[in-house]
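Listed below are the residues making up each chain.
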Amino acid sequence: MTELAPLPYGRQSIDDDDVAAVVAALKGDFLTQGAGVAKFEEALCRATNAKYAVAVSSGTAALHLAYLAAGMRPGDVGLTSDVTFVASANGMRYAGAEPVLVDVEPDTGLIALDALERRFEALGEAGRRPKVITPVDLTGAVADLPSIHAFAKKSGAVVVEDAAHSLGAEYTHGGQVYRAASCVHADMACLSFHPVKHVTTAEGGAIMTSDQGLYEELLDLRTHGITKDPARLEANDGPWYYEQRILGFNYRIPDLNCALGTSQMAKLERFVARRRAIAKRYDTLFEGESARVTPLRIRDGVKSSYHLYVIRLVPRQGESLASVAERRKALYLALREVKIFTQVHYIPVHRQPDFVRAGLAGGEFPGSDTYYAGCLSIPMFPSMTDADVERVAAAVLANA
Ligand SMILES: *Cc1c(COP(=O)(O)O)cnc(C)c1O
């Protein structure tokens, strides 16, 4: 028997032209802060339809700066999904604010609107008005941004879309098609270019916005709060002059990484098309098998860009969540035996010991507990072959 190739849940696709682009940048005049950053930012604007992009050193840095630009300060609160990577909430803590976690819908893993409204009202009764709402486009399936945006605008909250999973995704609203991170139904959107995401810069991220004021604030925050813009200086001692207006950071992304990013962006459409084809094949292979596995529900009108493909084990009649979680663990281990390396996205943030100790884990999360017990991300990346997809589906069905 031939050796089985290991299949991770996700992986980057790097071709010779990506390597050549990085080598060319290495031989150029600027390793950082050259023209490569702006070129990458232009590619991001073209792909999302947002007006401005600020590329930074990671998706986490993007979230931190978005929260600061939104005006988050110590004592403020923000709302985000309980089922996400911890960075969505940690960025608020870096700003000195308090993330309040919101329960999710068990079948989509997306922030639940009724739970969001309940959290909002409870905070209001305590005299606190959330500064920011951060919906997460889990797996590449865009959250209900139009509803969340309309809700936020009534109360003056800033919407920061965590679009780390959804570059290339689309949603419809009122018969119109919009792109994830287009910032039509969000004030800012944060992207990540970690290797498992749609396109990579190794480490990297970006904030998208169509608001010029936020854009200028983000540019300053990326580099120590320093500006050289003559129009915004309080004094001007000469052509060398700059001022630190506010306290910012060094969250710059090097030209080297942006060269890789720009090369990767040229393939985004192809990558997303392949991810959708793989998802369609999985959907077909799992059809009629709902007693064993149920693919994550994608909301009507959403075209996911499938950063992840999540299957769910759903509680059987009278089955406890602990028992579902046992079945999921057994499936994870059985797949690992045949070199299919799955992952769980995500452990709900309210279960993280640091959030519990910081007093940030209060409330009931029936939706995220149900989602977490049965979710499993199976391999999904553009270079998977059709035979790989069939092998994974067959192994899942044989063991679920
Ligand atoms: C990857 C990711 C981030 C953070 O990105 P980094 O680039 O790893 O800092 C934030 N939110 C979500 C949902 C992510 O998946």
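Now for a quick tour of the structure. (Residues numbered from 1 in each chain as written. Predicted model: local features only at pLDDT ≥ 70, side-chain atom pairs only at ≥ 80, totals over all residues. Heavy atoms only, no water.)

1. A few points about helix α10 (residues 321–337)
Argument step 1. Given a rise of 1.5 Å per residue, 17 residues ought to cover 24 Å, and the 24 Å separating the end C-alpha atoms of α10 matches this to within 8%.
Argument step 2. Those residues of α10 lying buried are V324, R327, R328, L331 and L335. The arc enclosing the buried residues of α10, seen along the axis, measures out at 100°, which places them on a common side. Exposed and facing more than 90 degrees away from the buried side of α10 are A322, E326 and E337.
Argument step 3. On its buried side, α10 packs onto β14 (309–312), α12 (366–374), β15 (375–378) and α13 (386–399).
Argument step 4. Directly after α10, the chain includes K339, whose backbone phi takes a positive value near 60°. (Helix = DSSP H or I, 4+ residues; strand = E, 2+ residues; numbered from the N terminus. Expected span 1.5 Å × (residues − 1). Buried < 20%, exposed > 50% of the residue type's maximum accessible area, 1.4 Å probe, protein only. Arc of directions from axis to C-beta. Contact = heavy atoms within 4.5 Å.)

2. Topic: the sheet that holds strand β3 (residues 98–102)
Argument step 1. Within the open sheet, the 7 strands sit side by side as β1-β9-β8-β5-β4-β2-β3. Their pairing is mixed. Taken across any chain shown, the strands that pair with only one partner, and hence form the sheet edges, are β1 (52–56) and β3. With strand direction ignored, the average angle separating the axes of adjacent strands in the sheet is 20°.
Argument step 2. Relative to strand β4 (residues 132–134), strand β2 (residues 77–81) runs parallel, the two sharing 3 bridges. Opposite L79, over in β4, you have I133 as the bridge partner.
Argument step 3. The strands touched by helix α3 (residues 59–69) within the sheet are β1, β4, β5 (158–162), β8 (188–192) and β9 (205–209), with β8 carrying the most contacts at an inclination of about 165°.
Argument step 4. In the packing of helix α4 (residues 87–94) onto the sheet, the strands contacted are β2, β3, β4 and β5, and the crossing angle to β2 comes to about 170°. (Pairing = 2+ DSSP bridges. Axes fitted to C-alpha atoms, helices over the stretch in contact; angles between N-to-C directions.)

3. A look at the side chain of D369
Argument step 1. By secondary structure assignment, the location of D369 is in helix α12.
Argument step 2. Only 3.0 Å separates the side chain of D369 from the side chain of R351, close enough to count as a polar contact. (Polar contact = N/O pair within 3.5 Å; in protein donor to acceptor, adjacent residues only side chain to side chain.)

4. Details of the packing of aromatic side chains
Argument step 1. In this structure the tally under the stated criterion is 10 aromatic pairs.
Argument step 2. Geometrically, the ring pair formed by F40 and F193 is edge-to-face, given 5.1 Å between the ring centres and 70° between the ring planes. With F40 in helix α2 (residues 35–48) and F193 in the loop between β8 and β9, this residue pair connects regions lying 153 residues apart in the sequence. With respect to class, F40 is no different from F193; both count as buried.
Argument step 3. A ring pair is formed by Y282 and Y309, whose centres lie 4.7 Å apart and whose planes are at 40°; its orientation type is tilted. Taken together, the positions of Y282 in helix α9 (residues 268–286) and Y309 in strand β14 put the pair 27 residues apart, joining distant regions of the chain.
Argument step 4. Residue classification places Y282 among the buried residues on the basis of a relative accessible area of 0%.
Argument step 5. Three or more aromatic residues joined by ring pairs form one cluster here, namely Y282, F286, Y306 and Y309.
Argument step 6. Here the basic side chain of R93 rests over the ring of F355, its NZ or CZ set 4.6 Å away from the ring centre.
Argument step 7. Across the ring face of Y372, the terminal group of R328 is positioned such that the distance to the ring centre comes to 5.1 Å. (Phe/Tyr/Trp six-rings, centres within 6.5 Å; stacked < 30°, edge-to-face > 60°. Lys NZ or Arg CZ within 6 Å of the ring centre and 35° of its normal.)

5. What about the site of the ligand?
Argument step 1. In the neighbourhood of the ligand, 15 residues make up the surrounding shell, with G59, T60, H165, S192 and K197 lying closest.
Argument step 2. Contact between the ligand and Y346: an oxygen atom at 3.1 Å from a side-chain N or O atom of the residue.
Argument step 3. A total of 380 Å² of accessible area belongs to the ligand in isolation, and the protein chains cover 92% of it.
Argument step 4. Breaking the shell around the ligand down by element, the ones donating at least two residues are α3 and α4.
Argument step 5. Considering each element in turn, the shell around the ligand owes the most residues, 3 residues, to α3.
Argument step 6. Here the shell around the ligand is built from residues that sort into 5 nonpolar, 8 polar and 2 charged. (Near = heavy atom within 4 Å. Areas by Shrake-Rupley, 256 points an atom, 1.4 Å probe, with all protein chains shown as cover. Nonpolar A, V, L, I, M, F, W, Y, C, P; charged D, E, K, R; others polar.)

6. Considering the pattern of salt bridges
Pairs can form between side chains of opposite charge whenever their charged atoms are close.
Argument step 1. Enumeration according to the criterion identifies 20 salt bridges in this entry.
Argument step 2. Across the pair R128 and E98 runs a salt bridge whose closest N-O atoms are separated by 3.3 Å. Within this pair, whereas R128 is found in the loop between α5 (113–125) and β4, its partner E98 is found in strand β3, the two being separated by 30 residues in sequence.
Argument step 3. Taking the relative accessible area as the measure of exposure, E98 reaches 28% and is therefore partly exposed.
Argument step 4. Among the ionic pairs, R292 bridges to E289, the shortest N-O distance being 2.6 Å.
Argument step 5. Using a relative accessible area of 29% as the deciding quantity, one classes R292 as partly exposed.
Argument step 6. Of the residues examined, E289 reaches a relative accessible area of 22% and is grouped as partly exposed.
Argument step 7. In this structure, a network of salt bridges that share partners links the residues D15, D17, D18 and K267. (Salt bridge = Lys/Arg side-chain N within 4 Å of Asp/Glu carboxyl O.)

7. A closer look at the environment of L285
Argument step 1. Relative to the helices and strands, L285 is located in helix α9.
Argument step 2. Sequence-wise, L285 and L44 are 241 residues apart; in three dimensions their C-alpha atoms are separated by 34 Å.
Argument step 3. Discounting residues that sit within four places of it in the chain, L285 has contacts with V389, E390, A393 and L397.

8. A few points about the sheet that holds β15
Argument step 1. Taken in spatial order, the 3 strands make up an open sheet running β12-β14-β15, and their pairing is antiparallel. Because the sheet does not close on itself, it has two edges, and the strands there are β12 (294–295) and β15.
Argument step 2. Of the pairings in the sheet, the one linking β14 to β15 comprises 4 bridges and is antiparallel in character. Of the residues in β15, the one forming a bridge with Y309 is I378.
Argument step 3. Lying over the sheet, α10 contacts β14 and β15, oriented at roughly 20° with respect to β15.

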